[in-house]
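Each chain, written out:
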Amino acid sequence: QAIGPLRSPGLLEKHYAPKARVIIRSWKTEKELVQAIGVAGFSPQEAHLIVHTEIPRTSLFGHISVIPLDAEAYARAIYSELHQRDEAEARLIVVEQLPDTSDWEGINDRLRRASA
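As the structure is a computational prediction, the values presented were derived from the model and not from experiment.

Visitor: Account for the overall build of the chain, naming residues and giving values.
Guide: Within the chain, the secondary structure is distributed over 3 helices and 4 strands. Listing every helix and strand of the chain by position from the N terminus yields β-α-β-β-α-β-α. When each of the 116 residues of the chain is scored for burial, the buried share is 38%. Contacts spanning at least 24 positions in sequence make up 62% of the contacts within the chain whose residues lie at least 6 apart.

Visitor: Run through the nonpolar core, naming residues and quoting values.
Guide: Ile50, Tyr74, Ile78, Ile93, Val95, Ile107 and Leu111 are the most contacted members of the largest nonpolar core, which has 15 residues in total. If we skip the residues at most four places from it in the chain, Ile93 touches Pro18, Ala20, Arg21, Val22, Ile23, His48, Ile50, Leu82 and Arg85. Counting 12 residues, the second largest nonpolar core, distinct from the first, contains Ile23, Trp27, Leu49 and Leu92.

Visitor: Before we move on, can you summarise the sheet that holds strand 1 (residues 21–25) with the specific residues and values?
Guide: One open sheet holds the 4 strands; their spatial order is 1-4-2-3, and the pairing between them is parallel. The open sheet has two free edges, formed respectively by strand 1 and strand 3 (63–66), since each of these has just one partner strand. The average angle at which neighbouring strand axes cross in this sheet is 20°, direction not considered. As paired strands, strand 2 (residues 47–51) and strand 3 are joined by 4 bridges and run parallel to one another. Paired with Leu49 across the strands is Ile64, a residue of strand 3. Across the sheet, helix 2 (residues 71–87) touches strand 2, strand 3 and strand 4 (92–96), and the angle it forms with strand 2 is around 175°.

Visitor: I'd like a rundown of helix 1 (residues 30–39), residues and numbers included.
Guide: When we look at burial in helix 1, the residues that qualify are Leu33, Ala36 and Ile37. Buried positions in helix 1, seen along its axis, are confined to an arc of 100° and lie on one side of it. Facing away from the buried surface of helix 1 by more than 90 degrees, the exposed residues are Lys31 and Val39. Buried-residue contacts for helix 1 involve strand 1, strand 2 and strand 4. Positive phi appears at Gly41, one or two residues downstream of helix 1, with a value of about 95°.

Visitor: Give a description of the pattern of salt bridges that names residues and reports values.
Guide: All told, the structure shown has 3 salt bridges when counted by the stated rule. Here Glu46 ties to Arg91 by a salt bridge, and the two come within 2.0 Å at their closest N and O atoms. Taken together, the residues span a long stretch of sequence, with Glu46 in the loop between helix 1 and strand 2 and Arg91 in the loop between helix 2 and strand 4 at a distance of 45 residues. Judged by its relative accessible area of 23%, Glu46 falls in the partly exposed class. With relative accessibility at 48%, the residue Arg91 sits in the partly exposed group. We note a salt bridge from Glu72 to Arg76, for which the minimum N-O separation is 3.0 Å. In this pair, Glu72 and Arg76 are both assigned in helix 2, 4 residues apart and thus about one turn of the helix distant.

So, how was this worked out
- Residues numbered from 1 in each chain as written.
- Predicted model: local features only at pLDDT ≥ 70, side-chain atom pairs only at ≥ 80, totals over all residues.
- Heavy atoms only, no water.
- Helix = DSSP H or I, 4+ residues; strand = E, 2+ residues; numbered from the N terminus.
- Buried < 20%, exposed > 50% of the residue type's maximum accessible area, 1.4 Å probe, protein only.
- Contact = heavy atoms within 4.5 Å.
- Core = buried A, V, L, I, M, F, W, Y, C linked by side-chain atoms within 4.5 Å.
- Pairing = 2+ DSSP bridges.
- Axes fitted to C-alpha atoms, helices over the stretch in contact; angles between N-to-C directions.
- Arc of directions from axis to C-beta.
- Salt bridge = Lys/Arg side-chain N within 4 Å of Asp/Glu carboxyl O.

Any functional reading would require information beyond the geometric quantities listed.
Below you can see the structure in the form of structure tokens.
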């Protein structure tokens, strides 16, 4: 028996995903971040970052977007940021890991799908 259409795009296995590769990562130092980007096969200049806490202080990276660490504000801003990175033809988007708490559950789920 055929399954009918899903009622919500959020139920899809893969939600909106930018053309760029998306990795979700935490880091303590810029050196650690640069190493993670290298392991992914990119240079720091190719990396577009979406951060909230560990904000790089150098201009090594292609672009840095800062979103407040507030679940409601973050939820409103993240897809706009991903679309803007697409429009900027980013090859790699590094999203700083979010808290693993219930108020961040839906956002974390959608980011995992975007990085799938």
